[in-house]
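The chain contents come next:
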Amino acid sequence: MFLQIITPEKTVFNEEIDEILVPTDKGQIGILPHHINLVTSLTHGEMIIKANGKDRVLAVTGGFLEIKNNKVTILADYAEHAENINTQQALEAKNRAEEILKNKKDILPQEDLIRAQAELRRALLELNIAEGHTKRHNRSR
């Protein structure tokens, strides 16, 4: 089956795959070739792509998934391969968001508070995915 993952910034993935595991609002689902047609929303979490005997892990923060005619299309708010996550930037974003939420949450406009909460969720997800990737990579050596 063919998988295409698109974010507002770029096409993240565009290849044939064997299986994909994705986080949805109803829980994680696995998709194999010839899956029935489906449209669902994605939540933040870990996405695992299986192809040619290898697993590729991505962080995703939401969006939509469509399966039609053995093609999976994901329009994601954000998606990044685990090995491309910059943990230093993620840690800085986490610290920045925590500082904003700790010291300024009573004076921030609602939209800035929501933005800081989203930045914190994304940074924590990136750190979690990157840490898991590092552990898996070290075990396979």
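Scoring rules and cut-offs
Residues numbered from 1 in each chain as written. Predicted model: local features only at pLDDT ≥ 70, side-chain atom pairs only at ≥ 80, totals over all residues. Heavy atoms only, no water. Helix = DSSP H or I, 4+ residues; strand = E, 2+ residues; numbered from the N terminus. Contact = heavy atoms within 4.5 Å. Areas by Shrake-Rupley, 256 points an atom, 1.4 Å probe, with all protein chains shown as cover. Lys, Arg positive; Asp, Glu negative; His and termini not counted. Charge placed at Lys NZ, Arg CZ, Asp CG, Glu CD. Core = buried A, V, L, I, M, F, W, Y, C linked by side-chain atoms within 4.5 Å. Buried < 20%, exposed > 50% of the residue type's maximum accessible area, 1.4 Å probe, protein only. Phe/Tyr/Trp six-rings, centres within 6.5 Å; stacked < 30°, edge-to-face > 60°. Lys NZ or Arg CZ within 6 Å of the ring centre and 35° of its normal. Pairing = 2+ DSSP bridges. Polar contact = N/O pair within 3.5 Å; in protein donor to acceptor, adjacent residues only side chain to side chain.

Q: How should I be thinking about the overall build of the protein chain in this particular structure?
A: The helix and strand inventory of the protein chain stands at 2 helices and 10 strands. Written out in order from the N terminus, the α and β elements of the protein chain read β-β-β-β-β-β-β-β-β-β-α-α. Projecting the C-alpha coordinates of the protein chain onto the three principal axes gives extents of approximately 50 × 40 × 25 Å. By sequence separation, contacts in the protein chain at least 24 residues apart represent 50% of the contacts at least 6 residues apart. Just so you have it, the protein chain exposes about 8,600 Å², and 49% of that area is on carbon and sulfur atoms. Seen as two clouds, the 19 positive and the 21 negative side-chain charges of the protein chain have centres 3 Å apart.

Q: Even after reading the chapter, I still don't get the nonpolar core, so can you show me in this structure?
A: In this structure, L3, I5, I20 and I74 are the most contacted members of the largest nonpolar core, which totals 21 residues. Looking at this core, the elements that each hand over two or more residues are β1 (2–6), β2 (11–16), β3 (19–24), β6 (45–51), β7 (54–60), β8 (63–68) and β9 (71–76). The residues contacting I20, other than those within four sequence positions of it, are M1, L3, I29, G30, I31, M47, I48, I49 and I74. Among the nonpolar cores identified, the runner-up in size contains 10 residues, and V57, A82, L125 and A130 belong to it.

Q: What is the right way to read the packing of aromatic side chains from this model?
A: Each aromatic ring pair is characterised by the separation of its centres together with the angle its planes make. Counted under the stated rule, the structure contains 0 aromatic pairs. Positioned over the ring face of Y78 is R122, at 3.6 Å from the centre of the ring.

Q: How should I be thinking about the pairing of β2 in this particular structure?
A: Along a regular strand, successive side chains alternate from one face of the sheet to the other. Pairing of β1 with β2, which is carried by 5 bridges, proceeds in the antiparallel orientation. Within β2, the residue paired with L3 across the bridge is E15. Two successive antiparallel strands, β1 and β2, enclose a turn made up of 4 residues.

Q: Where do I start with the environment of D25 in this structure?
A: Mapped onto the elements of the fold, D25 is located in the loop between β3 and β4 (27–31). Along the sequence, D25 and Q4 sit 21 residues apart, while their C-alpha atoms lie 20 Å from each other. Setting aside residues up to four positions removed in sequence, D25 forms contacts with T40, S41 and T43. In terms of polar contacts, D25 uses its side chain to reach the side chain of S41, at 2.9 Å.

Q: What is the right way to look at the pairing of β1 in this model?
A: Looking at chain direction, β1 and β9 are connected through 5 bridges and run parallel. Paired with Q4 across the bridge in β9 is T73.

Q: How do you make sense of unusual backbone geometry when you look at a structure like this?
A: The phi angle of most residues is negative, glycine excepted, and most peptide bonds adopt the trans form. The phi dihedral of H34 is positive, around 65°, even though this residue is not glycine. The topology assignment puts H34 in the loop between β4 and β5 (38–42).

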